[in-house]
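# Structure assessment
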Amino acid sequence: MAQDGESNNPMKATIIGTPSVPRLRRSLTLWDLILYGIIVIQPTAPMPAYGVFSNAGQGHVVTSILIAMVAMIFTAMSYGRMARVYPSAGSAYTYVGRALHPALGYLTGWSMTMDYMLNPLICTIWSAKAMADLLSKTRYQIPYPGLLWPLVFATLFTVLNLRGVNTSARINKILCVVMGAVIVAYFWYAIRYIFHLPQYPDAYFLRPFYNPETFTIDRVFHGTSVAVLTYIGFDGISTLSEEVENPRRNIFLATVLVCVVTGFLAAAEVYSAKLLSNQYFFPASEVENAFSHVAAIAGGVLLTKVISLTLLIATVGSGMGSQLGAARLLYGMGRSNAIPKTFFGAIHPGTRIPANNVVFVGVIALTGAFLISYDNGAQLLNFGALIAFMGVNLASLTHYYIRGAERTLWQLIPPLLGFLICLFIWMHLSKLAMVVGSFWMIAGIAYGAWKTRGFQSDRVSFEPPPEEA
């Protein structure tokens, strides 16, 4: 029954009440989240950068990927725990801002913006070059491929994401099936080749983990600082918190499971590649196609072309997913007025997605594709990501252990180890990443100080909007 002064007339309630504001729609399941995370990371994640990983770690690709997996699992647990407390689209930005300090949250969001912007950018670069190479010297080759293919892929990512999150989820399922079939075919060829070898050298099956001729701690962790790229994107799962059924449970499970599945699958892929060829250094002309060249040892030219095409498909999926995550990160920051709210904090009333941000990221990806190389973009990615990972681990440690009513080792050890391992990996990043990343952070500090008058005024709100009934 309506109380005195209230009305049961819905039309009247709409007229006299506050106008309805478009909000994100909860429609994603746990399976959708897992597929989204796997596609953003890519089931073939270590393949495109296999040569880069091998050169950085002097052949210890498997070891580097497994070390990175440990750090990412601990960090994923922290993400899942913080998502239970703050189910907001702001991701690491929100967690650090609320658990530690708004200024630190702002800087975390600023560092993540660099990472999220670079991911769709390098996907655009790689996809454009891969397509140009596949069609080179064929009747389907187009004029000015260096100009037209970046435009095609940046537009493709943007248009598909503008159709809404459910469209992206359906495409993710198709991409996952295609990539899974090719990965199975690769393993079949590799296993058949390996077990038909007439004899095995000493320590043949252990050499991918440890090569005494090139092993040093610094080399392995330098390789690990690059191998973290294998997992970049798993944190994007938390940016979908407001579009997920039962986010307090599903965000935690999906984030951890995606890291575990990705880690073991990636380790198996590069382990088999090291068994096919013990080459650990690849010249500049072979770095980007190193994995395809190694796969040719087991499956010939046909397998090489199939893998190249699959990597293109995987990169398209990753570009779409990372652009979606970037748009939602900007939405979280815009909604909190850390960046202009009227543009970045807006939701399209029809599709219920931050359409302005999707288009904005697409423009950045297209512009950057003409300004930087794939290698440089890949080196810069991990700088901001690792800062955010450290911040989320500290946020989880602070909320659950330092300020929590019940203090247990389960609340202390995972976030503490996650922070320390990420810090050690961050310290082994390349000089280019450290220099450019530092300039980016200085610019962010200057902008934040100007906006908040030296971080004195409280102008950034981390309150999520009320949920839609």
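As the structure is a computational prediction, the values presented were derived from the model and not from experiment.

Conventions we followed
- Residues numbered from 1 in each chain as written.
- Predicted model: local features only at pLDDT ≥ 70, side-chain atom pairs only at ≥ 80, totals over all residues.
- Heavy atoms only, no water.
- Helix = DSSP H or I, 4+ residues; strand = E, 2+ residues; numbered from the N terminus.
- Buried < 20%, exposed > 50% of the residue type's maximum accessible area, 1.4 Å probe, protein only.
- Contact = heavy atoms within 4.5 Å.
- Areas by Shrake-Rupley, 256 points an atom, 1.4 Å probe, with all protein chains shown as cover.
- Patch = residues over 30% accessible without salt bridge, like charges linked within 9 Å, V, L, I, M, F, W, Y side chains within 5 Å.
- Salt bridge = Lys/Arg side-chain N within 4 Å of Asp/Glu carboxyl O.
- Axes fitted to C-alpha atoms, helices over the stretch in contact; angles between N-to-C directions.
- Parallel < 35°, antiparallel > 145°, perpendicular 65-115°, else oblique.
- Left-handed = near helix turned anticlockwise from the far one by under 90°.
- Expected span 1.5 Å × (residues − 1).
- 1 Å grid on protein atoms, 1.4 Å probe; cavity = no way out; pocket = protein on both sides within 12 Å on 5 of 7 lines; lining within 4 Å.
- Points joined across faces, edges and corners; volume = space filled by probe spheres on them.
- Nonpolar A, V, L, I, M, F, W, Y, C, P; charged D, E, K, R; others polar.
- pLDDT = per-residue confidence, 0-100.
- Phe/Tyr/Trp six-rings, centres within 6.5 Å; stacked < 30°, edge-to-face > 60°.
- Core = buried A, V, L, I, M, F, W, Y, C linked by side-chain atoms within 4.5 Å.

## Concerning the overall build of the protein chain
A count of helices and strands for the protein chain gives 16 helices and zero strands. Counting all 469 residues of the protein chain, 56% fall into the buried class. Considering only residue pairs separated by 6 or more positions, the protein chain has 83% of its internal contacts joining residues 24 or more positions apart. Here the protein chain displays about 20600 Å² of accessible surface, and carbon together with sulfur accounts for 66% of that area.

## Points about unusual backbone geometry
If you check the backbone angles, Gln58 has positive phi at about 50 degrees while not being a glycine. Within the secondary structure, Gln58 is located in the loop between α3 (50-57) and α4 (61-85). Although it is not a glycine, Ala203 adopts a positive phi angle of roughly 55 degrees.

## With respect to a nonpolar patch on the surface
On the surface, a nonpolar cluster with roughly 710 Å² of combined accessible area is contributed by Tyr144, Leu147, Leu148, Leu151, Phe370, Leu371 and Ile372. Examined against the element boundaries, Phe370 turns out to sit in the loop between α13 (355-369) and α14 (374-402).

## Let's talk about the packing of α3 against helix α9 (residues 217-227)
Running from N to C, α3 and α9 cross one another at 155 degrees; their axes reach a closest spacing of 7 Å. Classified by the interaxial angle, the pair formed by α3 and α9 is roughly antiparallel. As α3 runs across α9, the sense of the crossing is right-handed. In this structure, α3 contributes Val52, Phe53, Ala56 and Gly57 to the contact, and α9 contributes Arg219, His222, Gly223, Val226 and Ala227.

## Thoughts on helix α15 (residues 409-426)
With 18 residues, α15 should reach 26 Å at 1.5 Å per residue; the first-to-last C-alpha distance of 25 Å fits that figure. Restricting attention to buried positions, one finds in α15 the residues Gln411, Leu412, Pro414, Pro415, Gly418, Phe419, Cys422, Ile425 and Trp426.

## Examining the layout of surface pockets
There is about 430 Å³ of room inside the largest pocket. No other element matches the six residues that helix α6 (residues 102-135) contributes to the lining of the largest pocket. Residues belonging to the lining of the largest pocket are distributed by class as follows: 16 nonpolar, two polar and no charged.

## Quick look at the confidence of the model for the protein chain
Of all residues in the protein chain, 86% have pLDDT values of 70 or greater, and the mean over the chain is 81. Per-element confidence in the protein chain ranges from a low mean pLDDT of 42 for helix α1 (residues 10-16) to a high of 92 for α15. Note that pLDDT drops below 50 for residues 1-19; the model gives that stretch two contacts with residues more than four away or on any other chain. The low-confidence segment residues 460-469, where pLDDT is below 50, has 22 contacts with residues more than four positions distant or belonging to other chains.

## Some details on empty space enclosed by the protein
Space left empty within the atom packing is revealed by a probe, the size of a water molecule, rolled over the atoms. Taken as a whole and judged by the stated rule, the model has five cavities of 30 Å³ or more. Computed from the structure, the largest cavity encloses a volume of approximately 220 Å³. Lining the largest cavity we find 18 residues, and of these Gln42, Ala45, Ile122, Leu229 and Tyr374 sit closest to its centre. Per-element tally for the lining of the largest cavity: the top contributor is α6, with four residues. Broken down by class, the residue content of the lining of the largest cavity amounts to 13 nonpolar, five polar and no charged. Of the voids in this model, the second largest cavity is the one considered here, and its volume is about 80 Å³. Lining the second largest cavity are Tyr36, Val40, Asp115, Tyr116, Asn119, Ile232, Gly233, Gly236, Gly321, Ser322 and Gly325. Contributions of two or more residues to the lining of the second largest cavity are made by α2 (30-41), α6 and α11 (290-335). Its residues assigned to classes, the lining of the second largest cavity comprises four nonpolar, six polar and one charged.

## Considering the packing of aromatic side chains
Inspection of every chain in the model, using the stated rule, returns 26 aromatic pairs. Both rings, one in Trp110 and one in Tyr447, keep their centres 6.0 Å apart while their planes meet at 25 degrees; by these two values the pair is stacked. Residue Trp110 is located in helix α6, and its partner Tyr447 is located in helix α16 (residues 431-451); the two are separated by 337 residues in the primary sequence. The partly exposed category is assigned to Tyr447, whose relative accessible area is 25%. Summarising the aromatic geometry, the rings of Tyr210 and Phe215 are spaced 5.1 Å apart at their centres and angled 65 degrees between planes, so their arrangement reads as edge-to-face. Residue classification places Phe215 among the partly exposed residues on the basis of a relative accessible area of 31%.

## Quick notes on the nonpolar core
With 129 residues, the main nonpolar core has Tyr50, Met72, Tyr186, Phe234, Ile307 and Phe389 as its most contacted residues. In terms of residue count, α6 provides more of this core than any other element does, 17 residues in total. Non-local contacts of Tyr186, meaning those with residues more than four positions away in its chain, are made with Glu269, Ser272, Ala273, Leu276, Phe291, Ala295, Leu303 and Ile307.

## Some words on the environment of Ile125
Among the structural elements, Ile125 can be located in helix α6. By relative accessible area, which is 4% here, Ile125 ends up buried. When the C-alpha atoms of Ile125 and Phe153 are compared, they prove to be 8.7 Å apart, with 28 residues separating the residues in sequence. With residues near it in sequence (within four places) discarded, Ile125 still touches Gly368, Ala369, Ile372, Ser373 and Tyr374.

## Considering the packing of α6 against α11
Their axes nearest at 8 Å, the elements α6 and α11 cross at an angle of 155 degrees. Considering the angle they form, α6 stands roughly antiparallel to α11. Handedness of the crossing formed by α6 with α11: left-handed. Taken together, the residues that form the contact of α6 with α11 break down as 19 nonpolar, eleven polar and no charged.

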